Amino acid sequence: MFNIIEEVISIIVGSILLITTFIGFIVSVIKSFRNKKLASTVQKTNDITDLAIDKVAEIENLYSQASNMLKVMGITTGAIKKENVMNFIESKCNERNINFDSEYWSATVEKIVSLMNIGKEAMKKDGGSDLKQ
């Protein structure tokens, strides 16, 4: 079961990495116009997005069993997990000397989580049959 979840997460992360590759293309176009400061900021944002993808997966794994137990008690961990990821992103922005835009990063984290949830739901419906082939 964990292998299937790992495969789905790998597929989702791969899709997200394709998006970040597109951002890399934008970076190269920006560099060609010699706007190095903007290109640097975009590259740093791209790097942080990659780190955020990994952090979301890490936090989901970390909280997976606790989330199930807490749900039984009527407690959700979504806000706690998001806060952990947002704090991580903010620290990475500070390390790279770029402004932390909480609205932008909140939306980005929501998109990452949404893609991961779509993958999990697809696995539940399919029983992971597509991944076994």
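Residues numbered from 1 in each chain as written. Predicted model: local features only at pLDDT ≥ 70, side-chain atom pairs only at ≥ 80, totals over all residues. Heavy atoms only, no water.

(A) Representation of the packing of aromatic side chains. Counted by the stated rule, this structure contains one aromatic pair. With centroids separated by 4.9 Å and ring planes inclined at 80°, the aromatic side chains of Y104 and W105 adopt a geometry described as edge-to-face. Looking at Y104, the relative accessible area reads 38%, which means it is partly exposed. Exposure remark for W105: the relative accessible area of 2% places this residue in the buried category. (Phe/Tyr/Trp six-rings, centres within 6.5 Å; stacked < 30°, edge-to-face > 60°. Buried < 20%, exposed > 50% of the residue type's maximum accessible area, 1.4 Å probe, protein only.)

(B) Representation of the environment of K81. Following the sequence through the fold, K81 ends up in helix α3 (residues 78-95). When the C-alpha positions of K81 and L62 are compared, they lie 9.4 Å apart, and in sequence the two are 19 residues distant. If near-sequence neighbours (up to four positions away) are discounted, K81 is found in contact with I59, E60, Y63 and S67. (Helix = DSSP H or I, 4+ residues; strand = E, 2+ residues; numbered from the N terminus. Contact = heavy atoms within 4.5 Å.)

(C) Layout of the pattern of salt bridges. Summed over the entire model, instances satisfying the criterion amount to five salt bridges. When the shortest N-O distance is used, the salt bridge between R96 and E95 registers 3.6 Å. Using a relative accessible area of 23% as the deciding quantity, one classes R96 as partly exposed. Classification of E95 by relative accessible area gives exposed; the value is 51%. Several salt bridges share partner residues, and in doing so they unite K92, E95 and R96 into one network. (Salt bridge = Lys/Arg side-chain N within 4 Å of Asp/Glu carboxyl O.)

(D) Seen up close, the confidence of the model for the protein. Per-residue pLDDT for the protein averages 81, and the proportion of residues at 70 or more is 86%. Element-level pLDDT for the protein is lowest in helix α5 (residues 129-132), with a mean of 48, against a maximum mean of 94 in α3. (pLDDT = per-residue confidence, 0-100.)

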